[in-house]
Amino acid sequence: MKQYQIELEEERMKVLRSFHILDTDPEKDFDEIVELASVICETSISAISLVDSDRQWFKASKGLIVRETPRDIAFCERVIRQGDFMMVNDTLLDNRFKENPLVTGVPHIRFYAGMPLTTSEGFNLGTLCVVDSKPKQLSESQIFALRILAKQVMRQLELRATVEKMEDQKHSLMQSNRNLYELNQNLTTSEEEIRSNLEQISSLQANLEIRESQYRGLIENASDLIYELDYLGRFTFVNPVMEHVAGYNKGELLHKNYWELVHPQHQEHVVEFYKQQRKSRTENTYLEFRMLTRSGQSVWIGQNVSMLFLENGYVHKVTAISRDITELKRAELNLENSEKRFRLLSENSPVGVFETDVNGKCTYINKRCCRMAGLTEQEALGDGLAAAIHSEDRYSYFSQWRETLSEIGEYAKEIRFVNKAGETSWVINRVVQITGDNGQIVGYMGTTDDITELKNVHRQLSQREELYRLLSTNSKDLITLFKADTNATRIFVSPSVRTILGYEPDELIGESPFDLIVDEDRERVREITHTKTLHGESTTLEFRVRRKNGAIIWMESNSNPYFDIDGNMIGFQTSARDITKRKEFEESLRESKERAEEATQAKSQFLSMMSHEIRTPMNAIIGLTNLLLQEKPRTDQRESLELLKFSGDNLLTIINDILDFSKIEAGKIALESADFDLHELVSNTKNMLEHRAKEKSIDVRFRYDEKLPRMVKGDQVRLAQVITNIAGNAIKFTESGYVELSVEYKGEVSGKHIVQFGVKDTGIGIEASKIESIFERFSQADNDTTRKFGGTGLGLSITKSLLGLMDSSIQVTSVLGQGSNFSFEVAFEEGVGTSRTDSTRLDVISLADRSLRVLLVEDNRVNQIVASNFLKGWGIAADIANNGKEAVEMIREGTYNLILMDVQMPVMDGYEATQRIRSMEGEYFKEIPIIALTASAMLGMRDKVMEVGMNDFIAKPFVPADLLAKISTFVDGIDKRMARVG
């Protein structure tokens, strides 16, 4: 089987070579087929590949820079073996190809598709292939088109072969005709002449044999390739040298035609050359061409040919004496390439290049040198280049030329060129000698560099250095240059050192700066200098130094590295100044800041204490009032209780204003976002305000846009505070008439509902010049207003700040004596849920059915009564602990659903009690809800109670509905926990 495959491959190679296509020049027909294949298959590379014995050769290609590759790595090798279309969608996923050099290296093949080129006898000569550097999949139509194109390639090749055979048959027929003619001529010779010449011929033949023997001996031992051809170009004789070079033995060559050994790329030229020799009947000619050896190697031949012509002009035979001139050709090629490279490099060089003869006259100049001299190439040749040199430089340049070259072999000099416009440019010319074979100087070669910009840079650097020296000399800062060594040795100190440190510059040059730094700062500065400054980092340092008179001053030093031309750091420069006064000022500021912080802390502690001390009795007053109002008092009693509650609420409002002002001042107010019933909120606020308005016989009007969504998302507490502040002021400053509260829908923007709130009154009004002042802290329109109507003057200031947090602002229009109109807009997201009134009613009903037990931890007796009565009214049983210690003992029973915990108590406060409860063993103690009830409403209170383990927070005096809502929040969780505990 293996022998059969070998024979089949040999037959395939014979067929391939019979087409005479290998190593031929590119052809348009094949190039167009390759281009078409690339377009149809949408690939960057395509080729017509022919698989030779040890290579694949590309007759035509697109996107490739090579003409051939080794056969053992060729994709096409596999195509011709399998004899049908092959496609590799991703070579990196195919074990056959992922390590292939054509995949891992140029051209980085990731996709391949090849269609075999099959002869009519069934031999696969190569492929039409398409390649890309990214994975790909061909469609059925693209594969079909590729198959059609492959057939077209094969038809082209077979058509060429048919034409060549017809040409050969034509030449053979013509030769046969010539032979017949010669036979005819010979037959006409008379029989007598033949007989008379027989003896002479025999004699001559004997001499000829002797001479031929001598001739053959010379030929056999010659070092040249010697061979003879018949009139058809077939070998009739070859010498051993010819056998050796061609790689064929004598028998093989005598069965070959001369043209079979000519390289395909030279065949057309060689055939045409010898056609012309035959046509012109030139006996001797010389031609150089490449011969193709048996191994496929190409050998250059220099061939002397003698043609022996018959009388009729036909060639009888050809004698050729050839020589292997491969090395000579290689040397010529190297020389030619070298000269081409020189010309190419010269013409594209950024440096000017010129040559002169031995007398200095220019014989060659490149474009760059022409541009520098301001000349054309023709103008520069001869004496033109020398004439472009500045007259002041020309004589010294040429006078030193020969003398310097003879001594050191190279001459370099800076000179000036002057162009036709009179413009001057600086160049540096470097010249070397060109010597002949005898060592004599035959000319000079030079290069020219434009150094005009460099000259300008040097001049600018010189000017800048002078300027730097001037600046450093006159600078009030201390400018110092240091070496990049371990001690950071000073190499320059500006004169300002006399004023700053009291030293002369010479006293510090060569010294280390660390010696003057005080002990406490020295090691820190040394470490930063070694780890950062000496490693090229710019640094800023503050440290103390000792002046020459012993005084200690603070210095601020900015350091920056500087480098040599190779980028190596050679030192650093510092600019330092005396910052002693600044340091003293900073110390003063620090002390002032500490005192301010202490004052702020004291204020905070005072407000916290006052909040607790005031809110505790207020809780009792407001709480008892609410309880009495729930017990159906007589009409006269209700009026007194409502008046008492109103006064308590007013007092609580003043307290809240002071606390809110404190929070706003500290920037610690954050808005909440929760769903609430907008209509209910505004209605409740209006109902509350009506009580105040009735006392003054003022009508409260209410307009509410029904297009508004019922539930919205926002901070209802702060919104109610803003509305209450504005509407409360309107009632306060209105003696007669009405106050109107309006809520209008202004449409939707970016998914949010725009709501406009307005408060209009018929009160005292505000002067236009004083509208802005009413929003200032502790300020009202005038002092009479404060005395007549009271108040802290914080309400509108707080309102303005809160609206700012809501991304809103308040608008005011007012006429003195006629009334005012306040309005603002807020954007709300639409909310979900039910109204608070309904949910509160449901909470009361649901809590009454649950038999809840609450532990109330409170040290104030009145507050105990108030809270326990409300709890009782909601159907909740309450036990009372007078302090945290009692609470810890009582909770051990594990029978409570929830704890209401006061924060400030004797014996043990609420914080410690909560921590102890949370630390007890058992899930019950970790999860039981603990709600803080505190009279303190200062900043951070919520965070503090949450940190110790409490679940929620409510301030005293509490609004009963708020407390009920807090308890209801935990009801579902209470049931689940009690079920687990039970």
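Summarised in this report is the structure supplied together with it. Source: prediction; values computed, not measured.

As defined by bridge partners, strand β19 (residues 539-546) adjoins strand β20 (residues 552-563) across eight bridges and the pair is classed as antiparallel. Residue Arg 544 lies in a different strand from β20, and its bridge partner there is Trp 554. Here β19 hands over to β20 after five residues, with Gly 550 in that stretch at a positive phi of 95 degrees. Taken together, the nine bridges between β20 and strand β21 (residues 569-578) define a ladder with antiparallel strand orientation. Across the sheet, Glu 556 pairs through a bridge with Arg 577, a residue of β21. Linking β20 back to β21 in an antiparallel pair, the connection comprises five residues, with Gly 567 at a positive phi of about 85 degrees.

Right, let's get into the nonpolar core. Counting residues in each nonpolar core, the largest one holds 39 residues, and the members touching the most others are Leu 678, Leu 719, Phe 757, Phe 822, Phe 824 and Phe 828. By residue number, the principal contributor to this core is helix α22 (residues 716-732), which donates eight residues. Contacts of Phe 828, omitting those with residues within four sequence positions, involve Phe 676, Val 712, Lys 713, Leu 719, Lys 752, His 753, Val 755 and Phe 757. Listed in part, the 33 residues of the second largest apolar core include Ala 37, Leu 50, Ile 143 and Met 154.

Next up on the list: the environment of Trp 426. By the element assignment, Trp 426 lies in strand β15 (residues 424-435). Residue classification places Trp 426 among the partly exposed residues on the basis of a relative accessible area of 27%. Taking the C-alpha atoms as reference points, Trp 426 and Asp 449, separated by 23 residues in sequence, lie 8.6 Å from one another. In this view, Trp 426 contacts Glu 414, Ile 415, Arg 416, Asp 449, Asp 450, Ile 451, Thr 452 and Lys 455; residues no more than four positions away in its chain are not counted.

Next up on the list: unusual backbone geometry. A negative phi angle characterises most non-glycine residues, just as the trans form characterises most peptide bonds. The step from Val 106 to Pro 107 runs through a cis peptide bond, and the omega angle for that step is 10 degrees. Secondary-structure assignment places Pro 107 in the loop between α4 (101-104) and β5 (111-118). Located in the positive-phi region is Val 907, a residue other than glycine, with phi close to 65 degrees. Its place among the elements puts Val 907 in the loop between β31 (898-902) and α28 (910-919).

This part covers the packing of aromatic side chains. Enumeration over the complete set of coordinates arrives at 17 aromatic pairs. Relative to Phe 572, the ring of Phe 482 has its centre 4.8 Å away and its plane inclined at 15 degrees; by these criteria the two rings are stacked. Placement of the pair is Phe 482 in strand β17 (residues 478-483) and Phe 572 in strand β21, with a sequence separation of 90 residues. The exposure class assigned to Phe 482 is buried, which follows from its relative accessible area of 5%. A relative accessible area of 4% means that Phe 572 is categorised as buried. Cluster of aromatic residues (ring-pair linked, three or more members): Tyr 227, Phe 235, Tyr 258, Trp 259 and Phe 289.

Spatially, β8-β7-β11-β10-β9 is the arrangement adopted by the five strands of the open sheet, whose pairing is antiparallel. The open sheet has two edge strands with one neighbour each: β8 (235-238) and β9 (284-292). Going from strand to strand, the sheet's axes swing by 25 degrees on average, the running direction of each strand aside. Looking at chain direction, strand β10 (residues 298-309) and strand β11 (residues 315-324) are connected through nine bridges and run antiparallel. From the neighbouring strand, Met 307 faces β11, where its bridge partner is Val 318. Set on the sheet, helix α9 (residues 264-280) makes contact with β9, β10 and β11; between it and β9 the angle comes to about 165 degrees.

Strand order in this open sheet of six strands is β3-β2-β1-β6-β5-β4, and the pairing throughout is antiparallel. Every other strand in the sheet has two partners, leaving β3 (68-70) and β4 (86-88) as the edge strands with one partner each. Here the strands of the sheet are splayed against their neighbours by 25 degrees on average, with no regard to which way each runs. In this sheet, strand β2 (residues 55-62) lies alongside strand β1 (residues 45-51) in antiparallel orientation, the contact comprising six bridges. Directly across from Ile 48, in β2, lies its bridge partner Ala 60.

So, how was this worked out
Residues numbered from 1 in each chain as written. Predicted model: local features only at pLDDT ≥ 70, side-chain atom pairs only at ≥ 80, totals over all residues. Heavy atoms only, no water. Pairing = 2+ DSSP bridges. Helix = DSSP H or I, 4+ residues; strand = E, 2+ residues; numbered from the N terminus. Core = buried A, V, L, I, M, F, W, Y, C linked by side-chain atoms within 4.5 Å. Buried < 20%, exposed > 50% of the residue type's maximum accessible area, 1.4 Å probe, protein only. Contact = heavy atoms within 4.5 Å. Phe/Tyr/Trp six-rings, centres within 6.5 Å; stacked < 30°, edge-to-face > 60°. Axes fitted to C-alpha atoms, helices over the stretch in contact; angles between N-to-C directions.

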